[in-house]
Amino acid sequence: MTTDETARGSESKNNLNAQWAAVCGLLRAEIGEAAYQSWLKPITVRDIQSGEVKISVPTRFMRDWIVAHYLDRLTDLWGKQNPAVTAIDIAIQSEREALAPLPGKKHAGDVAGARPGSQSTRYSSDLSAPLDRRCTFEQFVVGKPNEFAYAASRRVAEAAKPPFNPLFLYGGVGLGKTHLMHAIAWHIRERTPKRTVIYLSAEKFMYRFIRALREQNTVDFKDQFRSVDVLMIDDVQFISGKDSTQEEFFHTFNSLVDQGRQIVISADKSPSDLEGMEERLISRLNCGLVADIHATTYELRLGILQSKAEQLAVKVPQKVLEFLAHKITANVRELEGGLNRVVAHAQLVGRDITLETTQEVLHDLLRANDRRVTIEEIQKRVAAHFNIRVSDMHSARRARSVARPRQVAMYLAKQLTARSLPEIGRKFGGRDHTTVMHAVKKVEELREHDSSFAEDVELLRRMLEG
Ligand code: ADP
Ligand code: MG
């Protein structure tokens, strides 16, 4: 090896370590300190070969746990640091030393889904990004906020010819857009394996396009897409303002649509709200079906938690699930992350999952969700809604016209913040915690028997959460 090569080798190793530090930092923030210490810290980063990062861990148990809980997220985050990375291979240290291949381990290019013991898998097409095995229609919990997007995605997956072109899915982060796209891909893969499906992030699309430009083989780049039956591009907002990529995308898009191929696009905004997009592209995107995914509701969150707990095959008390569904309202990814942390903690310390341990393990996450709404805001909103003065929230007046709204505000304070009953009591003119408890019970009762009251409370909750 020449000095030059050695230098290059250590430089890429430095890069790899820097990428790992970044990935690790992000995931650490997501999963918390305890899980970080247990699962991420012991990881050793080895090498990168043709887009596959090689890492190793001390035990088989650790490998299986990381594969089941963190591998997809790791791959995702790493791909964002370095778009060339498409897969992560985890070895067990002692086995790595003996150079023994991992049981069940196959190589990139093998048929998707054929890797036992792994939840992640790869596609035969080198263009397509890896698909998450868990992101199928069966695993997607349907509720009011996502039923339209779900139905549209199913139609696309089941139809022989594009029922609408493109299908444009949009919604906030962590609400299931990528999940639905993967589900479409899995469905088509399984039912009609002859059809080629390509799923790729807009970022990756751009990266490949730029590489083709640099290597002067844009003709090859175009050819790759020519035989595609279904093209899915995720997070298309990413190419806002990137003119040459948009230009290329526009042409690829048009030629595929003209040939009757299906296109599925996702973004965080509706086509018309995407800034920095060319007019002609926007009008093209608007041509098919635009389906939005709304923010989650309590019912959907609870449904998702129940389904995830079943998949993890652990017994989580209903009270804990309800607590999480109330408290973690930002998006499904956070909700899932919260549940995983609670489960991992319980298994690690060998204790049952309780409301107390849940609050303990998730205190940082809960605080972050909490900051969104304060008791003062709740009091203001509720007072305005019922047309009373904010000062009546603290006053000793007992007339029903002010007592009821006050109870509603206490109830919402209990549901939407992590404040304890005594703390809430103090904020309502120094009332006793039993008064708050009584208010919560009363409102729950009324909600059950009076549907217009229930609607009022639901409306207030949504306004406060949004
Ligand atoms: P987005 O692409 O919109 O940012 P994702 O599709 O990546 O969101 O979803 C984030 C996480 O939440 C994923 O793990 C996904 O499987 C899960 N998820 C989202 N919506 C649902 C749902 N309705 N049912 C089950 N899991 C869901
Ligand atoms: Mg996504």
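Our structure is the block above this text.
First things first, this report covers the structure right here in the doc. (Residues numbered from 1 in each chain as written. Chains lettered and ligands numbered in written order. Predicted model: local features only at pLDDT ≥ 70, side-chain atom pairs only at ≥ 80, totals over all residues. Heavy atoms only, no water.)

1. A look at the packing of helix H18 (residues 400–416) against helix H21 (residues 451–465)
For any two helices packed against each other, one specifies the crossing angle of their axes together with the interaxial distance.
Piece 1. At their nearest, the axes of H18 and H21 sit 11 Å apart, and the two run at 50° to each other. As judged from the angle between their axes, H18 and H21 are oblique. Crossing handedness for the pair H18 and H21: right-handed. Each of Arg 404, Val 408, Tyr 411, Leu 412, Gln 415 and Leu 416 in H18 lies in contact with H21, whose residues at this interface are Phe 453, Val 457, Leu 460, Arg 461, Leu 464 and Glu 465.
Piece 2. Taken together, the residues of the contact of H18 with H21 break down into 8 nonpolar, 1 polar and 3 charged. (Axes fitted to C-alpha atoms, helices over the stretch in contact; angles between N-to-C directions. Helix = DSSP H or I, 4+ residues; strand = E, 2+ residues; numbered from the N terminus. Parallel < 35°, antiparallel > 145°, perpendicular 65-115°, else oblique. Left-handed = near helix turned anticlockwise from the far one by under 90°. Contact = heavy atoms within 4.5 Å. Nonpolar A, V, L, I, M, F, W, Y, C, P; charged D, E, K, R; others polar.)

2. Brief notes about the site of ligand 1
Piece 1. Ligand 1 sits among 18 residues. The nearest are Val 141, Gly 174, Thr 178, His 179 and Glu 336.
Piece 2. Between ligand 1 and Gly 174, the relevant distance is 2.6 Å, taken from an oxygen atom to a main-chain nitrogen or oxygen of the residue.
Piece 3. Lys 177 has a polar side-chain atom sitting 2.8 Å from an oxygen atom of ligand 1.
Piece 4. Of all elements in the fold, only helix H7 (177–191), helix H12 (298–312) and helix H14 (332–349) reach the threshold of two or more residues within the shell around ligand 1.
Piece 5. Residues from two domains meet in the shell around ligand 1; each of domain 2 (147–293) and domain 3 (298–368) gives at least three. (Near = heavy atom within 4 Å. Polar contact = N/O pair within 3.5 Å; in protein donor to acceptor, adjacent residues only side chain to side chain. Domains from an automatic or database assignment.)

3. Concerning the pairing of strand E7 (residues 197–201)
Piece 1. Here E7 lies mainly inside the structure; 4 of its 5 residues are buried.
Piece 2. For E7 and strand E8 (residues 230–234), the ladder comprises 5 bridges, and the chain directions are parallel. Directly across from Ile 198, in E8, lies its bridge partner Leu 231. (Buried < 20%, exposed > 50% of the residue type's maximum accessible area, 1.4 Å probe, protein only. Pairing = 2+ DSSP bridges.)

4. Digging into the layout of surface pockets
Empty space among the atoms can be located by rolling a probe the size of a water molecule over them.
Piece 1. Put simply, the second largest pocket is a space of about 780 Å³.
Piece 2. If you trace the second largest pocket, you find 22 residues lining it, with Glu 322, His 326, Gln 415, Val 440 and Glu 444 closest to the centre.
Piece 3. When residues of the lining of the second largest pocket are traced back to their parent elements, those giving at least two are H12, helix H13 (318–327), helix H15 (355–361), H18, helix H20 (433–449) and H21.
Piece 4. If you tally residues by element for the lining of the second largest pocket, the top one is H20, at 6 residues.
Piece 5. Partitioning the lining of the second largest pocket into residue classes produces 8 nonpolar, 3 polar and 11 charged.
Piece 6. Taken together, domain 3 (298–368) and domain 4 (375–464) each give at least three residues to the lining of the second largest pocket, which thus spans both. (1 Å grid on protein atoms, 1.4 Å probe; cavity = no way out; pocket = protein on both sides within 12 Å on 5 of 7 lines; lining within 4 Å. Points joined across faces, edges and corners; volume = space filled by probe spheres on them.)

5. What about the pairing of strand E2 (residues 52–57)?
Piece 1. A large share of E2 lies buried, amounting to 6 of its 6 residues.
Piece 2. Residues Glu 52, Lys 54 and Ser 56 point to one face of E2 and Val 53, Ile 55 and Val 57 to the other, with burial holding for every one of them.
Piece 3. Hairpin connection between strand E1 (residues 44–49) and E2: a loop of 2 residues separates the two successive antiparallel strands, and Ser 50 in this loop has a positive phi of roughly 30°.
Piece 4. As defined by bridge partners, E2 adjoins strand E3 (residues 87–92) across 6 bridges and the pair is classed as parallel. Paired with Lys 54 across the bridge in E3 is Asp 89.

So, to be careful, I would describe these as geometric facts and stop short of saying anything about function.
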